[in-house]
Amino acid sequence: MANPKVSQDTGDLVLNRISKFYGDFKAVDDLSLTVPDGSFFALLGPSGCGKTTTLRMIAGLEEPSQGTIHIGDTDITTQKPYRRNVNTVFQNYALFPHLTIFENVAFGLRRRGQKDVKSEVDNALALVELGHLAERKPGQLSGGQQQRIAVARAIVNRPEVLLLDEPLGALDLKLRRQMQIELKRIQMEVGITFIHVTHDQEEAMTMADTIAVMNQGKIEQMGSATDLYEAPKTAFVANFLGQCNLIKAKVQSRAGGKAVVTAKGHTFEIPLTRVSTNNDSILLGVRPEKVRLDDTGVNSIKDCVVTDRSFVGTSTQYLVRTLWDLELVVFEQNDEGLHDLRVGDKVSLEWDPEHTFGLDGAQDVNAGADLDDEE
Amino acid sequence: MAFLHAAGTASSGPKSGLRSKSWTPYLLLAPGLIWLITFFIFPIVSLASTSTMVRPEGAQIGTYVQELRFQNYIDAFTANQEQYIRSFVYAAIATILALAISYPLAYMIAFKSGKYRNILLVLVVAPFFTSFLLRTVAWTQILGDEGPIVSTLKLLPFIDDSMRLTSTPFAVISGLTYNFLPFMTLPLYASLERIDPRTLEAAGDLYANGLTTFRKVTVPLSMPGVVAGTLLTFIPAAGDYVNAAILGNPNTKMIGNVIESRFFAVVDYPTAAALSFTLMATILILVTLYIRRTGTDELV
C-alpha cells in the first residue's frame, strides 16, 4: 500500500453564482458554493434537483449559462474537460470495455504523455485492493469491482477534485455500505477533494464532512450531517433527511431565550436559537425518536390515539393521531422502558424543548417528504 | 415443400411428455435443417461433382460425365486469373470506399441525428425499395456522357472533352460501392449506437481530446461493426457480376461475369463450377484471416 498522501494544496473549489438553463427550465439557479480543499463534500437532493448538472459543470461536460467556477486562483469555467485537472467516477462507471483493467487505469496517465505508468497504476489498483485483476476486461468484473476500478482510474491521475456521480447507485445495499466505508478510507488516504452527488441521505451522512442539500436548482441548506439532521432550516431539509413531525403553530412570545408557540390549544417552547424565522406563523418540528410516550414534559400533547404500529427491530414505530387529526410519527427504542402499545390505545406525547425547532410557516409541510427513494 | 414436410414431422412426434420435451430442439431445428439440406448442401454437392466432370468426345453440348478431373480447377484458374484478381481488387477498393463513406454517416446517425435518426435510417435502406438491376442501370444515366457528372466535369478547364465515365473501372467500382453501401452502414450504425456515450465522456474526462477519444475509444468499440460491414460488402462485391456487366467493358470483367457466361452462354458447367468453388474457397480463407487478424471474437 505504498500510496503517499497527495498534498496538493491546490485551493478550494469555488462556484460563484452559476446557473444552467435548458430553454426555460432552470436546472441550476444562481448557485454559490465553496468546497474546501481536501474535504469530502456531498451534494444531496432528489432526482431533478440539479445536483448532477452542477457536477457536470465542474467536470466540464456542461458549460454554465452564467457564473464562474474556480479551483484556487484558476478560472476553469470554460476550460475543456480534457484540460482540467478534475476527474469523474461516472454513475455506471463508464469503463472502457475493450481495454484491460490495467489499461483502463492507465488511460489518463498515457493521455498526458506519461511513458512509465506501471508503478502508479499498480499503486492505484492496490489502493482499491484489486491488483490481481489487472489483466481482466471490465466485463469479467462484478459491479462492486467495476466501481472500485472506476475510482482507481480517476484517482491515479491525482486530480485536484474528484467527482463521484451517484457512484453506489447500482450496487446492492450490503455492498453499498461496504463501499461507503471504502470510499471514505480512500479519501482519507489520498487527501483529494471529493464531491459526491447522491440522492441517498444515509449515504451522504455516512461519508461526507459537509452536505449541501439541493432542491430545484438551489442549495436549501449546507452543513454537517448532525447540523442538517438536528437543526434543519427548511421543511424540505427536515423531511428529506430522515423523518420529521411538523406542526403548524403561532408564536405568542419571544423572550428569555425561548419562543412560546401555540397550536390547537397546546403550548410549546422552542429555544430561540433553534427558530430560523422571524415570521410568527411557524412550523414546529421534532424528530420521531425524540418524542416520548409520556405526558410529563414541557412540550406535550395529550389524548392521542395509536393508529399504526410496526416493529422494526431496534425500535417500534408508532403512528399517533392527535385530537385535531394530525398524524405524528414516534420511534420508541426497544429497551426496558418499552410501552408496547396497540392500535387504538390512548397515549400522550412529550419531548424536550431543546429537541424542537421552528421553521418558517409559509412552507409546504410535506416538502421533500417521500422523495429519497426515487430513481 | 420443405416446410410442409417439417410440419408433418412435428405433429407426428412422440406422445410422452418427457420425451417430447427433449425432442423440441430438434423439431425447432428441422425446418431450417431441411431447408439447408435441400437448397444448400444438395446443390453444393452437385456443384462439386460437376466441377470434376468432363465432356466426352463428340458428345452434345451440355452433356458431361464424371471423371474426377481435378485438372479442371487449374485450367479454369489459369485461364481466368486476370478476372479473378480483378474481382478481389475491385471488391477491396469498393469496400474501402464504402467504409470511408459509411463511417461518418453511421457516426452522425448514431450520435448526432437526434429526432431525425429514424428518418435517416429509412433513407439508408430506401434504395432497397427499388430493384437492384434498375438502380445499377440508373448509374449508366448518372455517369453517362450527357449525364450530370460528366457534363459538369467538362466545364473544368483541365478536363479533356473526350472524357467518359461509363464502361470504365471507375464506373464498376462506383456501382459496387453504391450497391453495397447499406450493408456497410447498418452494422456500423448498430455497433456505434451501442457505445455508451458516457465512455466517450469518460475519455474526455481522462484528458483525451476529441481526436484521441475517437481513435482510442470510438474506433475500437465500433470494430465489430467495421468487421461485419466490410464482410457484408466485400463478399457479395467479389462475386458480383451485375455491376461489371452493366457499367463496365470487356476489360473490367469480374469473375462473376466469367462464371455467368460459362454457365449460360458457353454451357461449360465444369469450368463454371470449378471457378465458383475457387471463389468460395478464396473468400473463406480471406475472411478467416481477416477475422483472426482483427481479433473481433475478443470484442464484446
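As the structure is a prediction and not an experimental result, all values here were calculated from the model.

Parameters at a glance
Residues numbered from 1 in each chain as written. Chains lettered and ligands numbered in written order. Predicted model: local features only at pLDDT ≥ 70, side-chain atom pairs only at ≥ 80, totals over all residues. Heavy atoms only, no water. Helix = DSSP H or I, 4+ residues; strand = E, 2+ residues; numbered from the N terminus. Buried < 20%, exposed > 50% of the residue type's maximum accessible area, 1.4 Å probe, protein only. Contact = heavy atoms within 4.5 Å. Areas by Shrake-Rupley, 256 points an atom, 1.4 Å probe, with all protein chains shown as cover. Lys, Arg positive; Asp, Glu negative; His and termini not counted. Charge placed at Lys NZ, Arg CZ, Asp CG, Glu CD. Buried area = accessible area lost by both parts, 1.4 Å probe. Salt bridge = Lys/Arg side-chain N within 4 Å of Asp/Glu carboxyl O. Polar contact = N/O pair within 3.5 Å; in protein donor to acceptor, adjacent residues only side chain to side chain. Core = buried A, V, L, I, M, F, W, Y, C linked by side-chain atoms within 4.5 Å. Axes fitted to C-alpha atoms, helices over the stretch in contact; angles between N-to-C directions. Parallel < 35°, antiparallel > 145°, perpendicular 65-115°, else oblique. Left-handed = near helix turned anticlockwise from the far one by under 90°. Nonpolar A, V, L, I, M, F, W, Y, C, P; charged D, E, K, R; others polar. Domains from an automatic or database assignment. Pairing = 2+ DSSP bridges. Expected span 1.5 Å × (residues − 1). Bend = angle between axes of the 7 residues up to and from the residue.

**Some details on the overall build of chain A**
Right, on to step 1. Check the secondary structure of chain A and you find 8 helices and 19 strands.
Right, on to step 2. In chain A, buried positions account for 52% of the 375 residues.
Right, on to step 3. In chain A, of all internal contacts separated by at least 6 residues, the share reaching a separation of at least 24 is 68%.
Right, on to step 4. As displayed, chain A offers around 16200 Å² of accessible surface, 47% of which is attributable to carbon and sulfur atoms.
Right, on to step 5. With 40 positive and 53 negative side-chain charges, chain A shows a separation of 5 Å between the mean positions of the two kinds.

**Here we look at the interface of chain A and chain B**
Right, on to step 1. Contact residues are listed per partner, giving 25 residues for chain A and 20 residues for chain B.
Right, on to step 2. A buried area of about 2000 Å², summed over both sides, lies between chain A and chain B, and 63% of it is on carbon and sulfur atoms.
Right, on to step 3. Per-residue buried area on chain A facing chain B is highest for Y82, H98 and R111 of chain A; these three make up 31% of the total on that side.
Right, on to step 4. Put simply, R56 of chain A and E201 of chain B hold a salt bridge, and the shortest N to O gap is 2.6 Å.
Right, on to step 5. Seen at the junction of chain A and chain B, the total is 7 residue pairs in polar contact (both at pLDDT 80 or more).

**Quick notes on the nonpolar core**
Right, on to step 1. In terms of nonpolar packing, the biggest core is built from 49 residues, with I155, F194, I211 and V213 of chain A touching the most fellow members.
Right, on to step 2. Broken down by element, the residue count for this core peaks at 6 residues, all from helix α4 (residues 143-155) of chain A.
Right, on to step 3. Aside from chain neighbours lying at most four places away, what touches V213 of chain A is L44, K218, I219, E220, Q221, L228, F236, V237, F240 and L241 of chain A.
Right, on to step 4. Counting residues in each nonpolar core, the second largest holds 34 residues, with L143, V150, M163 and L231 of chain B among its members.

**Let's talk about the packing of helix α4 (residues 81-112) of chain B against helix α8 (residues 169-193) of chain B**
All names here are of chain B.
Right, on to step 1. Packing of α4 against α8 brings their axes to within 6 Å, and their N-to-C directions diverge by 40°. Relative to α8, the element α4 lies oblique. Both α4 and α8 take part in a crossing whose hand is right-handed.
Right, on to step 2. Split by residue class, the contact of α4 with α8 holds 23 nonpolar, 4 polar and 1 charged.

**Things to note about the domain arrangement of chain B**
A common way to state how big an interface is: give the accessible area lost once the parts meet.
Residues and elements named next belong to chain B.
Right, on to step 1. Split by domain assignment, chain B resolves into domain 1 (1-51) and domain 2 (71-299).
Right, on to step 2. Domain 1 and domain 2 are separated by 35 Å when their C-alpha centres are compared.
Right, on to step 3. Across the contact, 5 residues belong to domain 1 and 10 residues belong to domain 2.
Right, on to step 4. Between domain 1 and domain 2, roughly 560 Å² of surface is buried when both sides are summed, and carbon and sulfur atoms account for 78% of that area.
Right, on to step 5. Together, L47, T50 and S51 form the three largest contributors to the area buried by domain 1 at its contact with domain 2, with a combined 80%.
Right, on to step 6. Summed over the shared surface of domain 1 and domain 2, the result is 2 residue pairs in polar contact (both at pLDDT 80 or more).
Right, on to step 7. When the residues that make up the side of domain 1 that touches domain 2 are grouped by side-chain class, the tally is 3 nonpolar, 2 polar and no charged.

**Some remarks on the pattern of salt bridges**
Residue and element names in this part refer to chain A.
Right, on to step 1. Tallied over the entire structure, the rule returns 30 salt bridges over all chains.
Right, on to step 2. Among the ionic pairs, R176 bridges to D200, the shortest N-O distance being 3.2 Å. Pair noted here: R176 is in helix α5 (residues 173-190) and D200 is in the loop between β8 (193-198) and α6 (201-207), with a separation of 24 residues, a long-range link.
Right, on to step 3. When salt bridges that share partners are traced, they join E129, R148, E182, R185 and E189 into one network.

**Section: the sheet that holds strand β2 (residues 25-35) of chain A**
All names here are of chain A.
Right, on to step 1. Overall, antiparallel pairing links the 4 strands, which are arranged β2-β1-β4-β5 in an open sheet. With partners counted over all chains shown, the strands left at the sheet margins are β2 and β5 (74-75), one partner each.
Right, on to step 2. Here 7 bridges tie strand β1 (residues 13-22) to β2, and the two strands are oriented antiparallel to one another. By the bridge assignment for β2, L13 is matched with V35.
Right, on to step 3. Together, β1, β2 and β4 (66-71) form the strand contacts of helix α1 (residues 51-59), whose direction differs from that of β1 by roughly 115°.

**Re the pairing of strand β6 (residues 86-89) of chain A**
Regular strands place side chains that alternate from one sheet face to the opposite one.
Residues and elements named next belong to chain A.
Right, on to step 1. Every second residue of β6 is oriented toward a common face, with V86 and T88 on one face and N87 and V89 on the other, all of them buried.
Right, on to step 2. As defined by bridge partners, β6 adjoins strand β7 (residues 161-165) across 4 bridges and the pair is classed as parallel. Paired with V89 across the bridge in β7 is L164.

**Quick word on the side chain of R86 of chain B**
All names here are of chain B.
Right, on to step 1. One can find R86 in helix α4.
Right, on to step 2. Under the relative-accessibility criterion, R86 is labelled buried at 12%.
Right, on to step 3. Excluding its chain neighbours within four sequence positions, the residues that come into contact with R86 are N251, T252 and K253.

**Section: α8 of chain B**
Residues and elements named next belong to chain B.
Right, on to step 1. An ideal rise of 1.5 Å per residue puts 36 Å on 25 residues; α8 measures up with 35 Å between its terminal C-alpha atoms.
Right, on to step 2. Its maximal kink placed at F180, α8 deviates by approximately 50°, while the proline P182 follows within four residues.
Right, on to step 3. Counting buried positions over the 25 residues of α8 gives 18, a clear majority of the element.

**Points about unusual backbone geometry**
Right, on to step 1. Of note in the backbone geometry, Q216 of chain A takes a positive phi value of approximately 50° without being a glycine.
Right, on to step 2. The topology assignment puts Q216 of chain A in the loop between β9 (210-215) and β10 (218-223).
Right, on to step 3. We note that V267 of chain B has phi near 55°; this positive angle belongs to a residue other than glycine.
Right, on to step 4. Looking at where V267 of chain B falls in the secondary structure, it is placed in the loop between α12 (255-265) and α13 (269-294).
Right, on to step 5. Judged by its relative accessible area of 19%, V267 of chain B is buried.

**A few points about the pairing of strand β3 (residues 40-44) of chain A**
Residue and element names in this part refer to chain A.
Right, on to step 1. Across the 5 residues that make up β3, a large majority, 5, are buried.
Right, on to step 2. Neither face of β3 is exposed, since F40, A42 and L44 on one face and F41 and L43 on the opposite face are all buried.
Right, on to step 3. Note that β3 and β8 share 5 bridges and pair parallel. Directly across from A42, in β8, lies its bridge partner H196.
Right, on to step 4. Alignment of β3 against β9, held across 4 bridges, turns out to be parallel. Bridged to A42 within β9 is I211.

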